[in-house]
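# Summary of the model geometry
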Amino acid sequence: MADSKTFFALTDEDRLEMYVLIARTRALQETLILNRRKISGPLLTGMGQEAVAVGSFYALWKMGILETSIKSPDHRIMFGAAVAMDMLGKKEPSLVEDMLRNFFARTTGGNLGRDGNQHWGDLNHRLMPFMCSDMGVHPIVAIGYAEELRYHEWVGLPVEKRPVGIGYFGDGAAQQGIIHEGMNWVAASNLRRSPEELARLKDGWIDAVSKEERVIRGAPMIFVINDNGRACFTEPGDAHGDSCLSVRARGYGKMVGVDVDGTDPEAVFQETWQAIIRAQNLQSTLIVAHNARLTGHNEDQIIRTKGALERSDFFDAQDVFGFDEEDMEDFREAVKKEPVSHGWSEMLLERRVLSRGARNAIISEERSRMEALLERTIAEPKITVEEDQKYQ
């Protein structure tokens, strides 16, 4: 059973497992990029941003509430979410395989081949579907789900086993009014009431947890801004005046705001671990994870140098739509922090958690794994007009 201390001591075995998660998430995206022409819809990846999903999902797993919590990933977090649910949850059917079916319009997928994109999810695993491209919607829906978890599943549970909600969105979506409304709702929902206020309510309005926590509703939510420095093509200065987004938490009751290196899964893990403990006690957290978008807004808006894909050098970019030369220089500098072959993984080498040869072997193995999954997916039937009409 997880010990709800504010700091969790990760072992080298944990770090190695997190590295495999990150490498597998990257391999999934690389496989999609290499087969871009077979995907009918747009392809938006989270290249370089894998640590946000891996660190936070690993914290939920270590707390023992990965399956029971509601997770609302956006389009860039979704890849790591599916990988983590498969690898840590170890349940069939494979969510990664179902995601591939969705991208490649296979009738065997959850959307019956009708999407060709990443509008996908699985509520059987409490993974909120990415229902539309209005990025602020999904975490707000998750708030209602989290409140229902509080009502229906918290009673009688030890505090450390209480499921929570976690919603992800980008620095662009953070400027939407619906995000403010959702955070404001959580602040009001988690307001501690006086004994006199609670005494005026009928017993049917509040339960044992309400009385214990002195709230009327209670929304155990964690908000994660995946701050990759771009809102489509808009820079932070134009998007939000280059504001410090984490301090916004101060405007929502007792919400805590924190900044974290979004290329370091251990740092993300620790902040999420603490945020889970707060959420289980009805105090919300706004985590701002800083990283860089190491691709275009979508994969049709990056020009890689000739032969880069054949060399599996996905960051050898000649141009990215909307970037000037200074932006491209920042891009090249940011590559040095990506966690699969640079940044955090170099720290693992220094600590001798794994060797350079072992790292290369993991990368190769995960690429082969995803290629095999894709080959199996492509062999399945693709949606046709006639097949689609059966569902009209």
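Take the overall build of the chain next. Broken down by element type, the chain carries 14 helices and seven strands. For 392 residues, the compact-globule estimate of 2.2 N^0.38 gives 21 Å, and the chain sits close to it at 21 Å. If one aligns the C-alpha atoms of the chain with their principal axes, the spans along those axes are about 70 × 55 × 45 Å. The buried share of the chain, reckoned over its 392 residues, is 55%. Within the chain, contacts between residues separated by at least 24 positions form 74% of all contacts whose residues are at least 6 apart in sequence. Entry remark: accessible area of the chain is about 16700 Å², with carbon and sulfur atoms responsible for 51%.

The next subject is the sheet that holds strand 2 (residues 165-170). Pairing is parallel in the open sheet, where five strands are placed in the order 1-2-3-5-4. Because the sheet does not close on itself, it has two edges, and the strands there are strand 1 (70-72) and strand 4 (256-261). Each neighbouring strand pair of the sheet contributes to a mean axis angle of 15 degrees, computed without reference to strand direction. One ladder, built from three bridges, connects strand 1 with strand 2; its direction is parallel.

What follows covers the side chain of Thr285. Mapped onto the fold, Thr285 is located in strand 5 (residues 285-290). A distance of 3.0 Å separates a polar atom in the side chain of Thr285 from a polar atom in the side chain of Arg278. Beyond its immediate sequence surroundings of up to four residues, Thr285 is in contact with Met221, Ile222, Phe223, Met255, Val256, Val258, Ala275 and Arg278.

Moving on, we come to the nonpolar core. One finds Tyr19, Leu28, Leu32 and Ile222 to be the most contacted residues of the largest nonpolar core, which totals 84 residues. Dropping the residues within four chain positions of it, Leu32 is found in contact with Ile39, Leu43, Phe79, Leu100, Phe103 and Phe104. Among the nonpolar cores identified, the runner-up in size contains 23 residues, and Leu149, Ala187, Ala219 and Leu286 belong to it.

Next up on the list: the pattern of salt bridges. Scanning the model with the defined rule gives 30 salt bridges in all. Residue Asp327 is joined to Arg230 by a salt bridge in which the shortest nitrogen-to-oxygen separation is 3.1 Å. In this pair, Asp327 sits in helix 11 (residues 325-335) while Arg230 sits in the loop between strand 3 (221-227) and helix 9 (236-240), placing the two residues 97 residues apart along the sequence. Residue classification places Asp327 among the buried positions, given a relative accessible area of 10%.

Next up on the list: the state of the cysteines. Counted under the stated rule, the structure contains zero disulfides. Cys132 carries a free sulfur, and the closest cysteine sulfur to it, the one in Cys232, is 14 Å from it. Looking at Cys232, the relative accessible area reads 39%, which means it is partly exposed.

As a further point, take the environment of Ala289. Mapped onto the fold, Ala289 is located in strand 5. Placed 91 residues apart in sequence, Ala289 and Leu198 show a C-alpha to C-alpha distance of 37 Å. When neighbours within four sequence positions are excluded, Ala289 is seen to be in contact with Val52, Ile225, Asn226, Asp227, Val260 and Gly262.

Burial runs high along helix 4 (residues 95-103): nine of the nine residues are buried. If you check which residues of helix 4 are buried, you get Leu95, Val96, Glu97, Asp98, Met99, Leu100, Arg101, Asn102 and Phe103. Packed against the buried residues of helix 4 are helix 1 (12-34), helix 3 (78-89) and helix 13 (356-378). Ala105 occupies a position one or two residues after helix 4 and carries a positive phi of about 55 degrees.

Glancing now at the packing of aromatic side chains. Within this structure, the stated rule accounts for eleven aromatic pairs. Aromatic pair Phe79 and Phe103: ring centres 6.3 Å apart, planes at 10 degrees, arrangement stacked. Remark: Phe103 occurs in helix 4 and Phe79 occurs in helix 3; sequence separation between them is 24 residues. There is no split in this pair, since Phe79 and Phe103 are both buried. Taken together, Phe8, Tyr58, Trp61, Phe269 and Trp273 form an aromatic cluster joined through their ring pairs. Above the ring of Tyr151, the side-chain terminus of Arg150 is found at 4.7 Å from the ring centroid. The ring of Trp185 has Arg217 sitting right over it, with the charged end atom 4.1 Å from the ring centre.

Residue placement: Asp242 occurs in the loop between helix 9 and strand 4. For Asp242 and Glu50, which are 192 residues apart along the polypeptide, the C-alpha to C-alpha distance reads 24 Å. Excluding its chain neighbours within four sequence positions, the residues that come into contact with Asp242 are Pro236 and Gly237.

Where helix 1 meets helix 2 (residues 50-63), the closest approach of the two axes is 10 Å, and the angle between their N-to-C directions is 135 degrees. Viewed along their axes, helix 1 and helix 2 adopt a mutual orientation that is oblique. Helix-helix and strand crossings are classified by hand; for helix 1 and helix 2 the assignment is right-handed. Where helix 1 abuts helix 2, its residues Asp14, Glu17, Met18, Leu21, Ile22, Thr25, Arg26 and Gln29 lie against Glu50, Ala51, Val54, Gly55, Tyr58, Trp61 and Lys62. Tallied by class, residues from the contact of helix 1 with helix 2 come to seven nonpolar, three polar and five charged.

Scoring rules and cut-offs
Residue positions are given per chain, counted from 1 along the sequence in the order it is written. Only residues with pLDDT of 70 or above have their local features reported here, since the model is predicted, and side-chain atom pairs are shown and tallied only from 80 upward, although totals for entire chains, interfaces and linings are computed over all residues. Side-chain measures were taken over the full set of non-hydrogen atoms in the model, leaving aside hydrogen atoms and water. Counting from the N terminus, the helices are the DSSP runs of H or I reaching at least four residues and the strands are the DSSP runs of E reaching at least two. Only the C-alpha atoms count toward the radius of gyration. The rule for a globule is 2.2 Å times the residue count to the power 0.38. Under the scheme applied here, a residue whose accessible area is under 20% of the maximum for its type counts as buried, over 50% as exposed, and between as partly exposed, the area being computed with a 1.4 Å probe on protein chains only. Contact definition: two residues touch when any of their heavy atoms are within 4.5 Å. Note on areas: Shrake-Rupley, 1.4 Å probe, and residue coverage restricted to the protein chains presented here. By the convention used here, strands pair only if DSSP detects at least 2 bridges between them. What counts as an axis is a line fitted to C-alpha atoms, over the stretch in contact for a helix, and the angles between N-to-C directions run from 0 to 180 degrees. Contacts described as polar in this section are N or O atom pairs within 3.5 Å, which, within protein, must combine one atom able to donate a hydrogen with one able to accept it, while residues neighboring in sequence count only if both atoms come from side chains. In plain words, nonpolar cores are sets of buried Ala, Val, Leu, Ile, Met, Phe, Trp, Tyr and Cys residues tied together by side-chain atoms within 4.5 Å. By convention in these notes, a salt bridge is any Lys or Arg side-chain nitrogen within 4 Å of a carboxyl oxygen on Asp or Glu. Whenever a pair of cysteine sulfur atoms sits within 2.5 Å, that pair is classed as a disulfide. Here a pair means two rings of Phe, Tyr or Trp (six-membered ring of Trp) with centres within 6.5 Å. Their orientation is stacked below 30 degrees between planes, edge-to-face above 60, and tilted elsewhere. Over a ring means this: the NZ of a Lys or the CZ of an Arg is within 6 Å of the ring centre and within 35 degrees of the ring normal. If an angle is under 35 degrees, it is roughly parallel; if it is over 145, roughly antiparallel; if it lies from 65 to 115, roughly perpendicular; otherwise it is oblique. The crossing is said to be left-handed when, going from far helix to near helix, the turn is anticlockwise and less than a right angle, and right-handed when the turn is clockwise. We call Asp, Glu, Lys and Arg charged. Ala, Val, Leu, Ile, Met, Phe, Trp, Tyr, Cys and Pro are nonpolar, and the rest, Gly among them, are polar.

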